[in-house]
Amino acid sequence: MLLYLLQRVLLLVATLAFASLVVFGVLEILPGDAAQVMLGASATPQAVAALAHKLGLDQPFATRYFAWLAGIARGDFGLSYAYDSPIGALISDRLAVSAPLALIAMALTAVIALSAGLFAAQRRGKRGDFAVMAASQIGLAVPNFWFAILLVLVFAVKLRLAPSGGFPGWSAGFAPAFGALILPAISLGLVQAAILTRVTRSALLDVLGEDFIRTARAKGLSRRAVLWRHALPNALTPILTIMGLQFANLIAGAIIVENVFVLPGVGQLIFQAIANRDILVVEDCVMLLAAIVIIVNFIVDVACAAIDPRLRRRAA
Amino acid sequence: MLLDVAGLNIDLPTPDGARRIVRDVSFALDRGETLGVVGESGSGKTMTALALMGLSPEGAAISGAIRFDGKDLAKLDDAAWRALRGDRIAMIFQEPMTALNPLHTIGRQIAEPLIVHRGLSRRAAMAEAVKLLARVGLPDPRRARAYPHQLSGGQRQRAMIAMALSCGPSLVIADEPTTALDVTVQAQILALLAELGRQADMAMILVSHDLAVIAQNCKRVVVMYGGMVMESGTTAAVLERPAHPYTRALLQARPRLGATRGQRLRVIPGSAPSAGEAPPGCPFAGRCPLTVPACSAAPPPAAPWRGDRIARCIRLEEAENVA
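Residues numbered from 1 in each chain as written. Chains lettered and ligands numbered in written order. Predicted model: local features only at pLDDT ≥ 70, side-chain atom pairs only at ≥ 80, totals over all residues.

Visitor: Explain the overall build of chain B to me, please; I cannot follow it from the model alone.
Guide: Counting its regular elements, chain B contains 11 helices and 12 strands. Here the C-alpha atoms of chain B give a radius of gyration of 21 Å, agreeing with the 20 Å that 2.2 N^0.38 yields for 323 residues. Taken over the C-alpha atoms alone, chain B extends approximately 65 × 50 × 40 Å along its principal axes. The buried share among the 323 residues of chain B stands at 46%. (Helix = DSSP H or I, 4+ residues; strand = E, 2+ residues; numbered from the N terminus. Rg over C-alpha atoms; globule rule 2.2 N^0.38 Å. Buried ≥ 20, exposed ≤ 12 C-beta atoms within 10 Å, placed from the backbone.)

Visitor: It is not clear to me how the overall build of chain A should be interpreted in this structure. Could you clarify?
Guide: A count of helical and extended segments in chain A gives 14 helices and zero strands. Along the chain direction, N to C, the helices and strands of chain A fall in the order α-α-α-α-α-α-α-α-α-α-α-α-α-α. With the principal axes as the frame, chain A shows a C-alpha extent of 80 × 60 × 35 Å. For chain A, with 316 residues in total, the buried portion stands at 33%. When contacts within chain A are restricted to residue pairs at least 6 apart in sequence, long-range pairs at least 24 apart make up 68% of them. (Contact = placed C-beta atoms within 7 Å.)

Visitor: Can you walk me through the interface of chain B and chain A in this structure?
Guide: Accessible area lost when the parts come together is the quantity often used to give the size of an interface. Every contact between the two is made by 23 residues of chain B and, on the other side, 18 residues of chain A. Contributions of two or more residues to the side of chain B that touches chain A are made by helix H2 (78-84), strand E6 (89-92), helix H3 (96-99) and helix H4 (106-118) of chain B. With four residues, the top contributor of residues to the side of chain B that touches chain A is H4(B). Considered class by class, the residues forming the side of chain B that touches chain A number 13 nonpolar, five polar and five charged. (Nonpolar A, V, L, I, M, F, W, Y, C, P; charged D, E, K, R; others polar.)

Visitor: Explain the nonpolar core here, please?
Guide: A general trend in soluble globular proteins is that nonpolar side chains are found buried together. By size, the foremost hydrophobic cluster in this structure holds 91 residues, and its most contacted members are B:Leu133 and B:Val223. Among the elements that line this core, the one with the most residues is helix H6 (residues 153-165) of chain B, at seven residues. Counting 63 residues, the second-largest nonpolar core is a separate cluster that includes A:Val97, A:Ala116, A:Leu190 and A:Leu263. (Core = buried A, V, L, I, M, F, W, Y, C linked by C-beta atoms within 7 Å.)

Visitor: Would you mind showing me how to read the pairing of strand E1 (residues 3-14) of chain B here?
Guide: Consecutive side chains of a regular strand alternate in pointing toward one face of the sheet and then the other. Residues and elements named next belong to chain B. Pairing of E1 with strand E4 (residues 61-68) involves seven bridges; the strand directions are antiparallel. Directly across from Leu3, in E4, lies its bridge partner Phe68. Relative to strand E2 (residues 17-29), E1 is paired through nine bridges, and the arrangement is antiparallel. Bridge assignment links Asp11 to a residue of E2, and that residue is Arg20. From the end of E1 to the start of E2, which pair antiparallel, there are two residues. (Pairing = 2+ DSSP bridges.)

Visitor: So what exactly am I meant to see when it comes to the environment of A:Arg123 here?
Guide: Position of A:Arg123 among the secondary structure elements: in the loop between helix H5 (87-122) and helix H6 (127-141). Overall, the presence of 14 C-beta atoms within 10 Å leaves A:Arg123 in the partly exposed class.

Visitor: What is the right way to read the environment of A:Pro163 from this model?
Guide: Residue and element names in this part refer to chain A. With respect to the element layout, Pro163 can be found in the loop between helix H7 (144-158) and helix H8 (174-208). Note on Pro163: 19 C-beta atoms within 10 Å, which makes it partly exposed. Sequence separation between Pro163 and Val152 is 11 residues, and the spatial gap between their C-alpha atoms is 8.1 Å. For Pro163, the contacting residues outside a window of four places in its chain are Ala156, Gly179 and Ala180.

Visitor: Can you help me understand the confidence of the model for chain A in this one?
Guide: It should be kept in mind that the predicted coordinates are not to be read in detail where pLDDT is low. For chain A, the average pLDDT comes to 87, and 97% of its residues sit at 70 or higher. Averaged over each element, pLDDT in chain A is lowest for helix H2 (residues 34-39) of chain A (72) and highest for helix H9 (residues 211-218) of chain A (94). (pLDDT = per-residue confidence, 0-100.)

Visitor: So what exactly am I meant to see when it comes to helix H10 (residues 245-252) of chain B here?
Guide: Note: α-helices contain 3.6 residues per turn, so residues at a spacing of three or four share the same orientation. For H10(B), the full list of buried residues reads B:Pro245, B:Tyr246, B:Thr247, B:Arg248 and B:Leu250. Against strand E9 (220-225), strand E10 (228-234), helix H9 (235-240) and helix H11 (316-322) of chain B lie the buried residues of H10(B).

Written out as C-alpha cells, the structure is:
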C-alpha cells in the first residue's frame, strides 16, 4: 500500500505539472496578444505595449511559465486586470462560497443516493424499486436551473423558509450563511443523487449476483450482514468513482445555479472573468478547477485501493 | 439416518408460470457416508443441493420432505435456517475464485462462521482459522492474511474447505468442488476432503458431472437427468451394470484409454431438456433408443431393481437384454 501511495503521489505531481503546462500554453497560443485581447480592438499600440510590459508578456515563455508557477507556490496568483486586486484573495473569497456549497450538495447526494440505491437493490423488481427508479428518472430529466427556480418559488416566495438568493458572507454568522446555501445545495444535490442512485443500485445488484454472496449466505450470515459486510464494500468502487466526477462537476458546473441564487461563487467569477477578458483570472481559475479535479481523482483512487487489494497490485 | 429427502419438488417462477425443475427426488444419507450425485448441467443437481442449504433462488416453491437430523427442513423459518447453515450443513462451491470475497483476507472469511455460530471473538476466530488452514494443508500462518487473488486455485479451494469445515458440520455438500482445478490438484483436493470427512465422521454429498470422481469417492450414487433421479444404488453396481438406458448412454459417452485412435466417442443423440421444459413423461424419452409411446405418457415410477437399486424406467427388462 505504501509503494502504491508513493506511485500515486508521483503520478499526481506529474499530472498537475502537465495540466499547468496545458492551461498556461493554451492561453499563450490564443490568437493575438493577451494585452490586446484585454484592452480590446480600439486600444492604442502604446497602451497595449505598456500593459504587455506590466504583465511581463515581453518575457520569454519559459520565464513567464516558471514565474507563474513560483507565484502560485508562494500564494501569489497575480493581479486581476478587471478588479485591480490580487487574484488569490478574489478566488479564496469565491471558494468560501463554492467549496461549502459543493460539500453540502455532495453530502446530500451521497446520503440520498446510497440509501435509495440500497433500498431499491434489496427490492429488485418490487414496488419500492419501481418507485425509486421512477423518482430517479424524473430527477434525471429535470434540469437543475429549473429545479432551482422551483425551489425558490416554493421555499423562498411561498413558504418564506429560506432566502431566495444572495449570500450574506460567513462573517454574518454560520446560520444565515449556511441557510443561504441550502436551497442551491438541494437543487444541485438532488439532481446528482438521481444519477448516483442508479449507479448504486446497479453496482449493488451486480455484486448481489456474485458467487461469494451465496458463500456468505451459506455460512449462515443474515441478509443484513451479507449486504453490509460483503455486498456494499464490493459495490463501493464504481460508486466512489462516479462521486469523484460529480464533485468536480459541482465545483465547476455550479455556474447556472449560482446565477439563479445570485451566489458569488467560483463559477460566477469565471463567467465574469471571461466576459471581462480578464485572462489571468481565467487562467488561475481553470488551473484551480483542474487541480481540484486531479486531486479528487487522486483521493478516489487511493480510497478504492484501500478498499480493494487487487487494485494495489495492479498499479505495480 | 442423517438426511432423508423424500419426494422433493422445486418449482421456479418464470414469465410463463411456474416450471418444475426438480421432480420427485428422493435419496437418503447416513452419518459419515459419501453420496455421489451425477448428472449433466441442467439435470437439477445443483438446484437440489441448494435446496438442502435453504438457498434456492428467490420465488422457488419447494414441496416434499427434507429431514435432516430429525428436523423437517422444509418447515424452517429464516432464523432457523441461518442457525443451521454453515454450522450443521456446509457447502463447498465450484469456482473458488468467485466464491471467495475478493476484499477480505481468507483468514477473515474462514473466521466468519466461527464468529456467527460459535460466538468467538475476532481474535480467537482468527487463531482458529490459522489452525484450520494448517489442517487443509496450508500450514504457513501468513496465508491467513492473504487475499484470494494471491492464492492459486488449489489453495483457494483448500481455504474454501477450511471455511466449510470450520464449525464441524455433520453434512457437507460439495458442488463440483474440483471442476475448476487442474487434474493433479483435483486428486489432492478429493483426497483431502475424504480424509477430513473420515476424521470428523462427516457425511458428504459430492455433486459432479465426472463419473471417475464419483467412482473413486462415493459408495453410493444418484444419477439425475431432467430434474429426476433416473437411477440410484451402490456406485460399483450402477457403474458396472447400469440398469437405466440413460446411465448406460452416459457411461458409453466417456472417453476411454485403449480405445482405437480415431474412434469417435459415442454421443447421446439429441440434447438434454432445458431446465423446466418438463415433458409429461420420462425426460429421457426423446433421446432413448428403447422409447415406446408409454414412456412419454407418464413419468416412470421409481421401482426397485436387482437388490438395493432403484431405477425409473418402464423398459428395464428390455434395457438389460440390449446390453
